[in-house]
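# Chains, contacts and geometry: an overview
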Amino acid sequence: MNRRMAWAGVAALATTAAVACTSDDDAAPPASTPSVATSTPATPSAVSSPTRSSAAPTPTPTAAPHPVSLQALIAKKYDGRNLRLVRVLARNAAYTRYHVTYSSGRLTISGIMNVPTTPGPHPALVLNHGYIDPAVYTNGRGLMREQDYLARRGYVVLHTDYRNHAQSTDDARAELNLRLGYTEDVINAVLALRTSQYVDPERIGLLGRSMGGGITYNVLVAQPGLVKAGVVFAPVSSDTVDNFNRWTRDERPVATAIVGAYGEPARNPTFWRNVSPVNFFDRVTEPVLIHHGTSDSTCPISWSRETLAALKAAGKDATMYTYPGEEHAFGPAWPTSMARTVAFLKQHGV
């Protein structure tokens, strides 16, 4: 199947139809790193009242939830398995980089896995990359800095390619299903990773950026207790309507099909509420760390402030660092953000 096709009958998708970032998000850091602006974690006193409906009780999953909903992901049975180290891609003194595959339901998902050379079993992280056009995406692309940094600090790193990416199985309905299948692929990645001889199954976390941050939120609400902690960088909104309006609405073939299937948010608020993780934050059991730059022109920092407020309102352990002047991809402050990430993961047993 041509990876530019979203589903049968829909024309080739433009890259701007994405719910999030471009491949530039994961560009290499500058050769010379300027001094890092100081930022502090947000405190409850600094957080405005939540603007979403996060304080409302989570809708209870029914026997037959809408197939495109977080309730469906909550009710689904997962069996991530068949993690295979297909071939060695590279070796260095710190880790070996493998091309890997694993099973996500009936699909096969490709990815890369960095395995430290130090004795294991190791803590591990599943990395959820931001949007990169599947037509140009290649195995392991995205989060390259993070893959290397974390493996050098003793983490097994599994970077998933998601369905329709690289060597992963195609899913013709991925776009029409609002990419909730990506969330399934990440949940199954964690389960597959637990079977690895290199991994301590009790010390696994998630790290996502931009669109991958939204996927991380979905995993935390769909499968509480699956991992020990979640970290997000410059994430999309936890209200899916925001993301639809920002990136998808102006893409006529995609938007027309989605609205035709589910209705406009104003006309069918129940559907859109049930695909927005902010409305399920009472289910989250893991600590969450958010990094966001104040100059982010792709994902407004207001989205993360609203997410933080919603998590706090639900009584969750959530921290946010803001980075003055940082754009979506992070530059000068990236080393500081990563040092804080590792400290946070270790604090919470990852």
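Notes on the structure follow. The structure displayed is predicted, hence computed values, not measured ones. (Residues numbered from 1 in each chain as written. Predicted model: local features only at pLDDT ≥ 70, side-chain atom pairs only at ≥ 80, totals over all residues. Heavy atoms only, no water.)

### Points about the packing of aromatic side chains
Per the counting criterion, the structure on display carries 9 aromatic pairs. Where Y323 meets F330, the ring centres are 5.2 Å apart and the plane angle is 65 degrees; that geometry is what we call edge-to-face. For Y323, a relative accessible area of 0% corresponds to the buried category. Its relative accessible area of 6% is what places F330 among the buried residues. (Phe/Tyr/Trp six-rings, centres within 6.5 Å; stacked < 30°, edge-to-face > 60°. Buried < 20%, exposed > 50% of the residue type's maximum accessible area, 1.4 Å probe, protein only.)

### Re the pairing of strand β7 (residues 230-233)
Note on strand geometry: in a regular strand, side chains alternate between the two faces of the sheet. The side-chain alternation of β7 yields two buried faces, one formed by G230 and V232 and the other by V231 and F233. Summarising the sheet, strand β6 (residues 199-209) and β7 pair through 4 bridges and their orientation is parallel. Directly across from L206, in β7, lies its bridge partner G230. As paired strands, β7 and strand β8 (residues 288-293) are joined by 4 bridges and run parallel to one another. By the bridge assignment for β8, V232 is matched with I290. (Helix = DSSP H or I, 4+ residues; strand = E, 2+ residues; numbered from the N terminus. Pairing = 2+ DSSP bridges.)

### A few points about the pairing of β6
Here β6 lies mainly inside the structure; 8 of its 11 residues are buried. Of the strand pairs in this sheet, strand β4 (residues 122-128) and β6 are connected by 6 bridges, and their pairing is parallel. Looking at the pairing, L127 lines up with L207 of β6. Following the backbone out of β6, through helix α4 (residues 211-222) and into the adjacent parallel β7, one traces a crossover that is right-handed. (Right-handed = clockwise from strand over helix to strand, strands pointing away.)

### Overview of the pattern of salt bridges
Inspection of the entire model under this criterion finds 8 salt bridges. Here D148 and R152 are joined by a salt bridge, their closest N and O atoms 2.9 Å apart. The partly exposed category is assigned to D148, whose relative accessible area is 27%. Residue classification places R152 among the partly exposed positions, given a relative accessible area of 46%. (Salt bridge = Lys/Arg side-chain N within 4 Å of Asp/Glu carboxyl O.)

### Overview of the sheet that holds strand β5 (residues 156-160)
An order of β1-β2-β3-β5-β4-β6-β7-β8-β9 is seen for the 9 strands of this open sheet, with the pairing classed as mixed. What marks the edges here is a single partner per strand, and that holds for β1 (81-91) and β9 (318-323). Averaged over neighbouring strand pairs, the angle between their axes works out to 20 degrees when direction is ignored. Strands β2 (95-104), β3 (107-116), β4, β5 and β6 of the sheet are contacted by helix α2 (residues 144-151), whose axis makes an angle of about 45 degrees with β3. Packing of α4 onto the sheet brings it into contact with β4, β6, β7 and β8, and relative to β6 it is tilted by some 135 degrees. (Axes fitted to C-alpha atoms, helices over the stretch in contact; angles between N-to-C directions. Contact = heavy atoms within 4.5 Å.)

### Considering helix α6 (residues 252-262)
Looking at α6, one finds that the buried residues are V254, A255, I258 and Y262. Axial view of α6: buried residues confined to an arc of 90 degrees, hence all on one face. Away from its buried face by more than 90 degrees, α6 exposes T256 and G260. In this structure, the buried side of α6 is in contact with α5 (240-248) and α7 (269-273). Just downstream of α6 lies G263, where phi reads positive at about 90 degrees. (Arc of directions from axis to C-beta.)

Shape descriptors only; they carry no functional weight alone.
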